[in-house]
Amino acid sequence: MASKGKKPGESAKTAPKAPGAKIETSYAERQGAGGETHQVAGGEVAALTTAQGAPVADDQNTLRYGARGPALLEDFHFREKIFHFDHERIPERVVHARGYGAHGYFELTKSLSKVTRADIFQRVGERTPAFVRFSTVAGSKGSFDLARDVRGFAVKLYTKEGNWDIVGNNIPVFFIQDAIKFPDLVHSVKPAPDRAFPQAQSAHDNFWDFISLTPESFHMIMWTMSDRAIPRSFRFMEGFGVHTFRFLDAKDRSTFVKFHWKPKLGLQSVAWNEAVKINGADPDFHRRDLWDAIGSGDFPEWELGVQIFDEDFAESFAFDVLDPTKFIPEDEVPVQVVGRLVLDRAVDNFFAETEQVAFCTQNVPPGIDFSNDPLLQGRNFSYLDTQLKRLGSPNFTHIPINAPKCPMAHFQQDGHMAMRNPQGRANYEPNSWGAEGGPREDPARGFRSFAAEETGPKTRLRPESFADHYSQARQFYISQTPIEQKHLVDALVFELSKCERPDIRSRVVSHLRHIDGSLAATVADGLGLPLPEPAKAARPTITDLPPSDALSIVRNGPGSFAGRKLGILVTDGADAALFTALVAAVKKEKAVHEVVAPKIGGVTLSDGTKVAAQQKIDGGPSVLFDAVAVIASKDGATLLAGDAAAKDFATDAFAHCKFIGYSSEAMALFEKAGLADDLDEGCIELTGARDAGAFLKACGALRLWEREARVDLDAAA
Ligand code: HDE
């Protein structure tokens with residue numbers, strides 16, 4: 001198991017050397033260009049070859065008659081190169097197309113041998129290799145990271161008894177109860193078929209039309225309109241297996257289980273206005289964050305938690321445990337932590353690993369089994385199907401990222417791109433070739449399904465126990481802090497304001513009336529809409545489900561700035577001692593910083609020290625940071641005060657409720673930015689190096705949400 005982080009850009013393998021390949025002169029040299037980057041250093045390097053292995057002498061010019069004549073068909077190098085290029089793309093995933101993956105391991109911290117015979121849960125301390133792919137759902141592969149969307153959280157665990165894929169999301173419930181509605185849900189949120197927009201967003205008529213006609217989706221809507229759908233980074237979000245699964249013990253006795261991933265660094269999201277701006281400033285914000293964290297050795301980590309419960313609990317629970325639009329509050333069934341997941345290695349090649357990884361919900365090892373959740377049952381069909389389309393061959397398990405890391409032996413053979421075929425004469429069983437006859441069944445170790453007794457007529461019927469659509473939506477809403485409730489209302493108003501049809505807006509609000517009266521009234525008011533009658537409800541809302549702290553992001557924050565990023569805007573002549581103290585305090589908090597300066601070449605501080613910048617002010621807006629500091633000299637502050645990007649840096653940080661540290665000279669910038677009269681307890685003057693530590697401690701609260709009432713018309717109203 002690799003445990004060392006790979007620095008971005010560092011390749012695990014070096015290119016194979018062609019034996020004795022001594023490159024005489026490069027193309028650049030022959031052309032007289034001789035630029036440094038074209039020089040062949042050291043003599044012996046890998047020779048460029050065709051895919052068939054023939055060394056290539058000239059990769060710059062096609063073969064043609066004379067210098068200006070027609071190209072020749074016999075140029076096999078050109079033909080092969082273009083042929084391969086033309087076929088580089090594979091179909092993007094129909095959902096979850098935009099994603100980012102990393103390698104790591106799962107380590108068991110608590111044995112579960114009493115409830116499951118799954119090998120991965122037997123030996124405390126044992127590590128199992130893992131690959132995780134995070135994703136957004138609606139956007140295409142090239143869309144931006146900070147769409148308001150559910151995030152995929154798919155984990156492949158290469159156990160000793162086969163791959164186990166927990167293909168989950170960062171939200172513990174789903175929009176629909178039956179897999180047959182999935183194509184409709186996805187069609188509705190994707191760009192409309194006639195105009196092919198909007199991309200990567202749900203703020204449009206088609207989506208809300210479908211939702212307003214699908215009452216079961218309203219619990220999930222509460223989550224997707226909450227800040228959970230705009231996470232600060234993959235590292236600060238939870239993951240959920242969503243469905244109820246089964247554990248099977250050595251005697252095939254079953255208990256139910258739900259899976260949870262809890263981020264070690266706590267939960268955090270961004271503000272919506274910030275998300276919109278991040279998408280412009282850095283569309284790769286989330287993938288860059290993961291890449292940088294792993295590259296710097298700050299390995300992202302989650303705890304694996306399980307909620308284990310039996311049939312008796314399932315019977316007594318207020319909702320059906322097979323209904324994927326419901327979760328089980330942690331207050332009712334505690335989450336037991338049984339292990340940790342650490343991501344410590346970036347991919348060597350995005351396509352080979354992140355793009356080709358093929359998760360399948362039906363990949364479970366012995367000791368783990370499915371429940372009858374109708375969404376899970378449908379997914380078990382869908383994922384295999386989708387991989388065949390995407391990867392083009394039933395042999396997608398031969399691709400290294402998908403291949404199990406335990407021994408495999410079977411009689412499957414042939415097909416496109418077969419890398420492994422049965423050896424010897426027997427490719428069938430039973431056979432009578434004895435020891436040479438290949439693998440045999442293993443009834444003791446092999447996968448066995450839970451022998452559930454199923455009866456009933458063959459029908460298309462939604463169970464009565466799935467009919468309550470609003471009670472848990474309400475429970476989620478009342479579990480949020482006031483600022484989180486406000487963000488949820490704002491999100492609904494924003495999204496519905498993008499719908500052109502007033503009847504769709506109104507129909508959505510008619511459902512909100514069953515969730516919370518003031519929620520419905522505030523959204524209606526935000527839309528300038530008369531409060532509609534409540535929608536017809538299959539069941540009355542249960543109004544006394546207790547709030548649960550586990551559902552709030554704010555209540556599950558980190559309480560420290562560890563893993564976060566401070567943006568320091570500096571100018572020439574800025575106080576060197578203060579700058580140095582700030583950087584030291586950042587390090588002490590296990591956070592990181594970036595220097596933002598008027599020029600990318602950096603600045604010269606008051607003591608003559610030169611500091612390089614990571615961002616020029618125009619390219620490093622404050623939305624890219626969790627908190628900011630402005631350390632300016634008098635002249636520098638005057639310079640910044642005349643710069644629109646510098647003013648935006650300050651006003652956005654303020655509007656997004658960030659903590660702002662500043663040297664007294666920076667007031668000149670704040671004055672021009674119109675902030676001087678508004679500075680509050682989140683704006684901390686750094687009078688000297690000794691204030692740096694206290695500022696970084698204050699940043700641990702992440703945001704001063706109280707400020708929002710002063711910067712947002714909707715909050716003030
Ligand atoms: Fe998926 N889903 N899904 N899904 N899903 C896919 O498989 C599907 C659902 C989830 O990073 C597809 O390989 C159906 C719930 C993730 O590669 C496809 C239904 C949850 C990923 C598919 C669901 C998910 C996918 C598209 C309704 C959370 C990305 C490409 C029954 C528990 C995995 C692919 C990755 C991907 C089908 C509902 C999570 C088409 C039919 C619920 C994280 O097979």
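Not measured: the values here are computed from a predicted model.

Caption draft 1: Fine view of the overall build of the chain. Regarding its fold elements, the chain presents 21 helices and 18 strands. Relative to a compact globule of 717 residues, whose C-alpha radius of gyration would be 27 Å, the chain shows 29 Å and is just as compact. Counting only C-alpha atoms and orienting by the principal axes, one finds that the chain spans roughly 90 × 80 × 55 Å. Going through the 717 residues of the chain one by one, you find that 51% of them count as buried. Expressed as a percentage of contacts within the chain between residues at least 6 apart in sequence, the contacts between residues at least 24 apart total 74%. Surface accessibility of the chain: about 33,800 Å² in total, with carbon and sulfur atoms responsible for 54%. Across the chain, the 82 positively charged side chains and the 96 negatively charged ones have centroids separated by 3 Å.

Caption draft 2: Geometry of the sheet that holds strand 11 (residues 565-570). Reading across the sheet, the 6 strands line up as 15-12-11-16-17-18 and stay open at both edges, with parallel pairing between neighbours. Among the strands making up the open sheet, the edge pair consists of strand 15 (615-616) and strand 18 (683-685). Sheet analysis places strand 17 (residues 660-662) next to strand 18, joined by 3 bridges and oriented parallel. Counterpart to Ile660 in the pairing with strand 18 is Cys683. In this fold helix 15 (residues 576-588) packs onto strand 11, strand 12 (592-597) and strand 16 (627-631), with an angle of close to 170° to the strand it touches most, strand 11.

Caption draft 3: Seen up close, the pattern of salt bridges. Tallied over the entire structure, the rule returns 45 salt bridges. Taking the shortest distance from any N to any O, the salt bridge between Asp59 and Lys81 comes out at 3.1 Å. One end of the pair, Asp59, is in the loop between helix 1 (27-30) and helix 2 (76-86); the other, Lys81, is in helix 2, and 22 residues separate them in sequence. Across the salt bridge formed by Asp252 and Arg448, the nearest N and O atoms sit 2.7 Å from each other. Here the residue Asp252 occupies a position in the loop between strand 6 (245-248) and strand 7 (254-263), and Arg448 occupies one in the loop between helix 10 (374-391) and helix 11 (471-478), the gap between them amounting to 196 residues. For Asp252, a relative accessible area of 25% translates into the label partly exposed. Here Arg448 falls in the partly exposed class, since its relative accessible area comes to 24%. When salt bridges that share partners are traced, they join Glu107, Arg127, Lys264, Glu301 and Arg340 into one network.

Caption draft 4: Seen up close, the coordination of the iron atom of the ligand. No protein donor other than Tyr383 (OH) coordinates the iron atom of the ligand, and that contact is at 1.9 Å. Note on placement: Tyr383 falls in helix 10.

What counts as what
Residues numbered from 1 in each chain as written. Predicted model: local features only at pLDDT ≥ 70, side-chain atom pairs only at ≥ 80, totals over all residues. Heavy atoms only, no water. Helix = DSSP H or I, 4+ residues; strand = E, 2+ residues; numbered from the N terminus. Rg over C-alpha atoms; globule rule 2.2 N^0.38 Å. Buried < 20%, exposed > 50% of the residue type's maximum accessible area, 1.4 Å probe, protein only. Contact = heavy atoms within 4.5 Å. Areas by Shrake-Rupley, 256 points an atom, 1.4 Å probe, with all protein chains shown as cover. Lys, Arg positive; Asp, Glu negative; His and termini not counted. Charge placed at Lys NZ, Arg CZ, Asp CG, Glu CD. Pairing = 2+ DSSP bridges. Axes fitted to C-alpha atoms, helices over the stretch in contact; angles between N-to-C directions. Salt bridge = Lys/Arg side-chain N within 4 Å of Asp/Glu carboxyl O. Donors = N, O, S within 2.8 Å, 3.2 Å for Na, K, Ca; no water.

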